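Report on the structure
This is what each chain is made of:
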Amino acid sequence: MTNCRVKTNFCCNDNASRLRRNTFGGAFPGVLDCIQLVVHAICGLMIMLNFEPWFVLNKILGAVMLSSFTTVVFLYIFLSLNRLLFVVFPVQAKIMWTMTVTWVLLLLAALQFSAVLVLKLMPASNYLFDTKIANWITPDTDSVLSRDTWSYANYIIPFYVVVASICYAIIFSYVKIARRSDLSKPEKLATINTFVSLIAILFAFVYWTFILPCLKAKSLIANFFSLMVWVILNGANPFSYLSFNRRLQRNVHRYFTMNIRRRRIAVAWTTA
């Protein structure tokens, strides 16, 4: 009986480890997207209240925003490669993509987040939200290092689009030709989730690169749509993750149900 329990626990741990390796920490981009959505909400309130933020607050918000965005795109690049390996080359992927590789990439993502955050908190390196034009700006008086950081944020998007497009072209071609249908639900979820993120980032890239420059540079409507594109981009990953993950749906439903019950009990005690 004891041996059976040990064997069962070992299998469960192995499956959990394999799942974390296969999905490559898919929750981390969602956390960073939620951070950006919070910053969007704060900026929206500042516009509604016609509030000019303090420079320090604006600088911190911009640093968090840019570091979160670049780190998300960085993670999406390796998520696309992860999906390519585990869908097309599942046997080799189990050998190549170990938990050590996953933790190393997550460490690199953390280092990138910290590096961009520190760089944007330095003097003469700003990424500020202008409430008058409803847009994020980098002042012309910033240092070369600040402009280089902004250039990195601009170049990493097309790089991701190219890499992810190639990965998913190979994945869809392989699935169609090989007619592979033995993917587990978590693997299907991870693949769909990263593909939805690719579509959202591709849409944002097209708007920011080709459509927005054709519009008036300081048009309030154009900048508003630019912010909405960014909001959609940040909301695509959490929305798709919540839409396809039944376990997460049950946990969210349970969380809100328990809160409602607690409130009813509290109201009953106060009125008794």
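Residues numbered from 1 in each chain as written. Predicted model: local features only at pLDDT ≥ 70, side-chain atom pairs only at ≥ 80, totals over all residues. Heavy atoms only, no water.

As recorded in an unreviewed UniProt entry, the chain goes by 7TM GPCR serpentine receptor class x (Srx) domain-containing protein and comes from Trichostrongylus colubriformis.

1. A word on the packing of aromatic side chains
Inspection of the entire model under this criterion finds 11 aromatic pairs. With 5.9 Å between their ring centres and 35° between their planes, Tyr 76 and Tyr 160 make a pair best called tilted. A residue pair is termed long-range when its members are at least 10 positions apart, and Tyr 76 in helix 3 (residues 55–88) and Tyr 160 in helix 6 (residues 144–178) qualify at 84 residues. With a relative accessible area of 3%, Tyr 76 lands in the buried category. Ring centres of Trp 208 and Trp 230 lie 5.8 Å apart, and the angle between their planes is 75°; this geometry places the pair in the edge-to-face category. Of this pair, Trp 208 sits in helix 7 (residues 185–211) while Trp 230 sits in helix 8 (residues 220–244), and the two are 22 residues apart along the sequence. Since its relative accessible area comes to 7%, Trp 230 is described here as buried. (Phe/Tyr/Trp six-rings, centres within 6.5 Å; stacked < 30°, edge-to-face > 60°. Helix = DSSP H or I, 4+ residues; strand = E, 2+ residues; numbered from the N terminus. Buried < 20%, exposed > 50% of the residue type's maximum accessible area, 1.4 Å probe, protein only.)

2. A word on the packing of helix 3 against helix 5 (residues 99–121)
A pair of packed helices is characterised by two quantities: the angle between their axes and the separation of those axes. With their axes 8 Å apart at the nearest point, helix 3 and helix 5 run at an angle of 155° to one another. Considering the angle they form, helix 3 stands roughly antiparallel to helix 5. Helix 3 and helix 5 meet at a crossing whose hand is right-handed. Residue-level inspection shows Lys 59, Ile 60, Ala 63, Val 64, Leu 66, Ser 67, Ser 68, Thr 70, Thr 71, Phe 74, Leu 75 and Phe 78 of helix 3 in contact with helix 5, the latter providing Leu 105, Leu 106, Leu 108, Ala 109, Gln 112, Phe 113, Val 116, Leu 117, Lys 120 and Leu 121. (Axes fitted to C-alpha atoms, helices over the stretch in contact; angles between N-to-C directions. Parallel < 35°, antiparallel > 145°, perpendicular 65-115°, else oblique. Left-handed = near helix turned anticlockwise from the far one by under 90°. Contact = heavy atoms within 4.5 Å.)

3. Some thoughts on the UniProt feature "transmembrane region" (unreviewed entry) in the chain
In this structure's numbering, the residues bearing the UniProt feature "transmembrane region" (unreviewed entry) are residues 27–48, 60–79, 100–119, 155–177, 189–208 and 220–244. Strand forms 0% of residues 60–79 and helix 100%; the C-alpha atoms that close the span are 28 Å apart. Strand forms 0% of residues 100–119 and helix 100%; the C-alpha atoms that close the span are 28 Å apart. (UniProt positions renumbered as here; feature names shortened; annotations may be inferred.)

4. Considerations on the side chain of Lys 120
Tracing the sequence through the fold places Lys 120 in helix 5. There is no salt bridge for the buried Lys 120, and the closest opposite charge comes from Asp 142, which lies 4.7 Å off by N-O distance. Of note is the side chain of Lys 120, whose polar atom sits 3.3 Å from the backbone oxygen of Asn 126. At a separation of 2.9 Å, a polar atom in the side chain of Lys 120 contacts the side chain of Ser 146. Not counting residues within four places of it along the chain, the set of residues in contact with Lys 120 comprises Lys 59, Ala 63, Leu 66, Ser 125, Asn 126, Tyr 127, Ser 146 and Thr 149. (Lys, Arg positive; Asp, Glu negative; His and termini not counted. Salt bridge = Lys/Arg side-chain N within 4 Å of Asp/Glu carboxyl O. Polar contact = N/O pair within 3.5 Å; in protein donor to acceptor, adjacent residues only side chain to side chain.)

5. Describing the confidence of the model for the chain
In low-pLDDT segments, the atomic positions of the prediction should not be examined closely. Looking at the chain as a whole, the pLDDT averages 77, with 75% of positions reaching at least 70. At the low end of the mean pLDDT range in the chain sits helix 1 (residues 2–23), at 41; at the high end sits helix 5, at 90. (pLDDT = per-residue confidence, 0-100.)

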